[in-house]
Amino acid sequence: MNYVKENLWQIEEVGFDSRYLGKTESIMALGNGYLGSRSATEEHYTTERRDTFVAGTFNKFAENEVSELPNIPDMWWMDFIINGEIFSLEKGITSNFSKRLNLKNGELIREFDWEFATIKLHFTFRRFVSKARRHYLSSFVTVENLTDIPISIQIRSGIDGQVTNSGSQHFHEGEKGLVNGKYIQMMPQTNESEIDFVFTIGHRLNAKNVSERIEMGRRQIFMNYFFDLPSNNSATIEKRMSVYTSIDNDISDHEISEIRETAISEMEALEVFSFEELLQESAEKWSEIWEKHPIEIETENFKDQLAIHFAKYHLHIMTPAHNEHMNIGAKGLSGEGYKGHTFWDTEIFMLPYFNFTHPEIAKSLVTYRYLGLDGAHKKARNNGYEGAQYPWEAANPTDGEVTPVWGAADIVTGQSTKIWSGFIEQHITSDVTFGVKQYIDVTGDQEFTEQKAYEILFDTAKFWGSRLEYNTEKDYYEIKDVIGPDEYKEHVNNNAYTNYTAHWNVTYALNLAKELKEHDPETFERLNQKLELDNVLADLARKVDKIFLPQPTDEGIIPQDDSYLSKKTIDLTKYKSKDGVDGLFHDYNLEQVNEMQITKQADVLLLLYLFEGLFPREMKLKNFEYYEPKTTHDSSLSLSTHAILSADLGKLDESYEFFEKACNIDMGEYMKSSDDGIHAGSLGGIWQMIVFGYGGVRMIDGKLRIEPHLPKAWNKLTYGFDYHGESITVVVMKEGFELTKEDNGNDVVFFSNGEAYTLKNKLSIL
Ligand code: IFM
């Protein structure tokens, strides 16, 4: 990738290499939260992954598959047949190639010169997905004849429904045809969830003596345009596209004929606007995002600033803020990886960004979990538990568990590896509670707290109550046979992260019950009726002090689980320095890795970071030094936690190394990193490293703490956040920090290095 120091808003690929299409398709993906699209080229390549997804449109292709986001028919597609030759960058000579994404306005530009036999053309492709009109997307192509002879051009452009999810075709073909002699439409339906889609396209050509012809093929409808491009002349084609579905919540009539009409009316209404005007309208929506709590880093390392623009851009194009029945996929809407499913990545890695900067979006994300209570009940019941057990992977909120059962090949047995996470990676339940608790603490949203949050907090505690197992010999309650955040340890007992967070979940529910009984008995009684809280709470009160919390060894190390510390260690240098992940699995299978002290991602260290008030500094330091060398960081969720924890521990140089590596997960030079899609959690991690790590913000026991510490490479950091409806800006300098907020709101109380402060309007702490 190429990054230009003067441009803090652009990522660029210079020079074309079809082996690495996946990288830019993902990291230059376009979207608006309603839909997301990889930036696959207009023309086809065998190495491409041509995916576009509409959030929440899950479908199960076959009975034995789990539901996934279907890859919708491709509308970006255009073939250029030049002097009878199909244009491809794999032929002829390409020069001055640049593909670049403007993060500020969401415009993608690709341009180059292409020579083949007597042909020499300059191509410019521009496109955007509108941030202002969720259904609308558009591309604009200019072809310039650089020779002194005319060149014959045929353009084939339309809707291609032959795309699949790596072979799984999710759609019945449906009707297709020309409307009003001008627009082409295709109306496929998902085969199981029966969601209707309406795709509409209109073309505008600026060329002389064009003849045109419509064509249809199997699952395809397209226009053919033929014209001669005179020497030193140019022609343009604008493609105007829209997608609607029968689950859209911004249209009232979901009859297919009505949706078709809505789409056509929109196209007609937009005829008066140019590509440029519609792009500008979209850019204005983007500015609202950039104007809200901008982060500015004063540093020579301009990529740090670019990284936060990159992260925020992607966080917004992947988040379905328009619909609380939808959530963020672990790959956003930028790839087939993880099937569009939602993981704990949302609550622990992405939600904090929204909690602190866009509370209305955060509310939608936590509401999704409230709507998911039925799915969580289903999962608990199926496993013989009570209360709400959240699914490891979630699609529609009420679906319950959707984790696939079989995964990658085992290099020793040659069989598929079983994915146990859907069965035994259970910390997700307290992670959801953690996210919800952070949402209410940061926003002070009383209505959500009373109507929804309390129920989640109690119902998850109820699950843990039924999940705990009594160990008669040791006289404690334990949690056996789980996977913790470190997914390289399967079927372990008493994973520290799982036990501590379950204990926290239960304790929190007990304290809340006490408080409600005293101050809001009506609310308590309502929930008591619904969840039979009296019995549940009595049971939890009996168990809570006997929940086993793994204690530090004499050396101060908290055992990751009952058996971790007795396992053998190996030298991990070779695997830690590799570009890609999974190098370890070229040498060992999961069963073998299970028997070694190798940690995939922050586990005990994540606990120390999230529950920082619980553990003394010295203990954190010892555990950091013990676990980090054993961690391969094979999950993209790992580095940001290490960066923040090491910053907390004053290891700022080390922290900054983690920071830079974390920023490079997608943006860096490793060209295969993002083939399956962007790493959504790591992007939330970039914001957390800056605001929580270096900006020092944290919620501890419901209280706001701000203790910044800048890395050496930064002279100044400016960031902002919302807190209980107040908008706060923090400027961190080497010598201290300064906070401001409008002085007509409420005072904000926070603490810093053990001192309590009240921010009225402006405060300097030097
Ligand atoms: O949720 C993560 C998990 O922690 C590690 N494997 C990938 C998942 C999705 O990002």
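Keep in mind that this is a model prediction, so the values were computed, not measured.

Assigned secondary structure in the chain consists of 20 helices and 30 strands. Taking 27 Å as the expected radius of gyration for a compact globule of 766 residues, we find that the chain reaches 27 Å, a close match to that expectation. Across its three principal directions, the C-alpha atoms of the chain cover 85 × 65 × 55 Å. For the chain, long-range pairs separated by at least 24 residues make up 67% of all intrachain contacts whose partners lie at least 6 apart in sequence. Within the structure as shown, the chain displays about 29000 Å² of accessible surface, and the carbon and sulfur contribution to it stands at 46%. Distance between charge centres in the chain, computed from 77 positive and 122 negative side chains, equals 2 Å.

Within the structure, the ligand sits among Ala330, Tyr338, Phe343, Trp344, Asp345, Trp392, Glu487, Lys600, Gln601, Ser635 and Leu637. At a separation of 2.9 Å, an oxygen atom of the ligand approaches a polar side-chain atom of Trp344. Interatomic distance of 3.0 Å between a side-chain N/O atom of Gln601 and an oxygen atom of the ligand. In isolation the ligand exposes 280 Å². Once the protein is present, 93% of that is buried. A per-class count over the shell around the ligand returns six nonpolar, two polar and three charged.

With that settled, the discussion passes to helix α2 (residues 256–270). What sets the pattern is the α-helix's 3.6 residues per turn: residues three or four places apart point alike. Taking 1.5 Å of rise per residue, 15 residues should cover 21 Å, and α2 covers 21 Å from first to last C-alpha, within 8% of that figure. Listed as buried for α2 are Ile259, Ala263, Ile264, Glu266, Met267 and Leu270. One side of α2 holds all its buried residues, which, seen down the axis, span an arc of 155°. Of the surrounding elements, those touching the buried residues of α2 are β10 (136–145), β12 (171–179), β13 (183–190), β14 (197–206), β17 (234–245) and α3 (275–291).

Our focus in this paragraph is helix α10 (residues 446–467). Here α10 is 22 residues long and its end C-alpha atoms lie 30 Å apart, about the 32 Å a rise of 1.5 Å per residue gives. Lys452 marks where α10 bends most, by close to 45°. Taking burial as the measure, the 22 residues of α10 include 16 buried ones, the bulk of the element. Capping the start of α10 is the job of one residue whose side-chain oxygen sits 3.3 Å from the backbone nitrogen of Glu447: Asp445.

Let us now look at the side chain of Thr599. If you trace the backbone, Thr599 turns up in the loop between α15 (590–594) and α16 (604–610). There is a polar contact of 3.2 Å between the side chain of Thr599 and the side chain of Gln560.

Read from one edge to the other, the open sheet built from three strands follows the order β2-β3-β4, with strand pairing classed as antiparallel. What marks the edges here is a single partner per strand, and that holds for β2 (30–31) and β4 (52–54). Where strand β3 (residues 35–37) and β4 come together, three bridges link them in antiparallel fashion. Note on β4: the bridge partner recorded for Gly36 is Phe53.

A sheet is described by the order of its strands in space; here five strands give the open sequence β18-β25-β26-β27-β30, paired in antiparallel fashion. Looking along the sheet, the strands with just one partner apiece sit at the ends: β18 (296–299) and β30 (762–765). Adjacent strand axes in the sheet meet at a mean angle of 15°, parallel and antiparallel pairs treated alike. Across four bridges, the pairing between strand β27 (residues 736–741) and β30 is antiparallel. Bridge pairing in β30 places Phe737 opposite Ile765.

Taken together, the side chains of Val405, Trp406 and Phe423 make up a nonpolar region of the molecular surface, amounting to roughly 290 Å² of accessible area. For Val405, the location among the structural elements is in the loop between α7 (373–382) and β19 (406–409).

Attention now moves to unusual backbone geometry. If a residue is not glycine, its phi is most likely negative; likewise, a peptide bond is most likely trans. Its identity as a non-glycine residue notwithstanding, Tyr338 has a phi of 60°, on the positive side. Along the polypeptide, Tyr338 turns up in the loop between α4 (302–318) and α5 (345–357). For Tyr338, a relative accessible area of 45% puts it in the partly exposed group. For His724, which is not glycine, the phi dihedral falls at a positive 50°. Turning to its location among the elements, His724 is positioned in the loop between β25 (714–723) and β26 (726–733). Assessed through its relative accessible area of 38%, His724 is described here as partly exposed.

Burial analysis of strand β8 (residues 107–116) places seven of its 10 residues in the buried class, which makes it a mostly covered element. The antiparallel hairpin formed by strand β7 (residues 93–102) and β8 contains four residues in its connecting segment, where Gly106 sits at a positive phi of about 75°. Bridge analysis of β8 against strand β9 (residues 119–129) gives nine bridges, and the strand direction is antiparallel. Within β9, the position partnered with Trp114 by the bridge is Leu121. Hairpin geometry of β8 and β9 is characterised by an intervening segment of two residues between the two adjacent antiparallel strands and by a positive phi of about 50° at Ala117.

This paragraph deals with the pattern of salt bridges. Side chains bearing opposite charge may pair, as long as their charged atoms lie close to each other. By the definition in use, this model includes 51 salt bridges. Measuring nitrogen to oxygen at the nearest pair gives 2.9 Å for the salt bridge that ties Arg126 to Glu276. On the criterion of sequence distance, the pair formed by Arg126 in strand β9 and Glu276 in helix α3 is long-range, its members being 150 residues apart. A salt bridge links Arg213 to Glu215, with the nearest nitrogen and oxygen atoms 3.1 Å apart. Accessibility expressed as a relative area gives 43% for Arg213, which makes it partly exposed. In this structure, a network of salt bridges that share partners links the residues Glu612, Lys620, Asp648, Arg698, Arg705 and Glu707.

Definitions and limits used
- Residues numbered from 1 in each chain as written.
- Predicted model: local features only at pLDDT ≥ 70, side-chain atom pairs only at ≥ 80, totals over all residues.
- Heavy atoms only, no water.
- Helix = DSSP H or I, 4+ residues; strand = E, 2+ residues; numbered from the N terminus.
- Rg over C-alpha atoms; globule rule 2.2 N^0.38 Å.
- Contact = heavy atoms within 4.5 Å.
- Areas by Shrake-Rupley, 256 points an atom, 1.4 Å probe, with all protein chains shown as cover.
- Lys, Arg positive; Asp, Glu negative; His and termini not counted.
- Charge placed at Lys NZ, Arg CZ, Asp CG, Glu CD.
- Near = heavy atom within 4 Å.
- Polar contact = N/O pair within 3.5 Å; in protein donor to acceptor, adjacent residues only side chain to side chain.
- Nonpolar A, V, L, I, M, F, W, Y, C, P; charged D, E, K, R; others polar.
- Expected span 1.5 Å × (residues − 1).
- Buried < 20%, exposed > 50% of the residue type's maximum accessible area, 1.4 Å probe, protein only.
- Arc of directions from axis to C-beta.
- Bend = angle between axes of the 7 residues up to and from the residue.
- Pairing = 2+ DSSP bridges.
- Axes fitted to C-alpha atoms, helices over the stretch in contact; angles between N-to-C directions.
- Patch = residues over 30% accessible without salt bridge, like charges linked within 9 Å, V, L, I, M, F, W, Y side chains within 5 Å.
- Salt bridge = Lys/Arg side-chain N within 4 Å of Asp/Glu carboxyl O.

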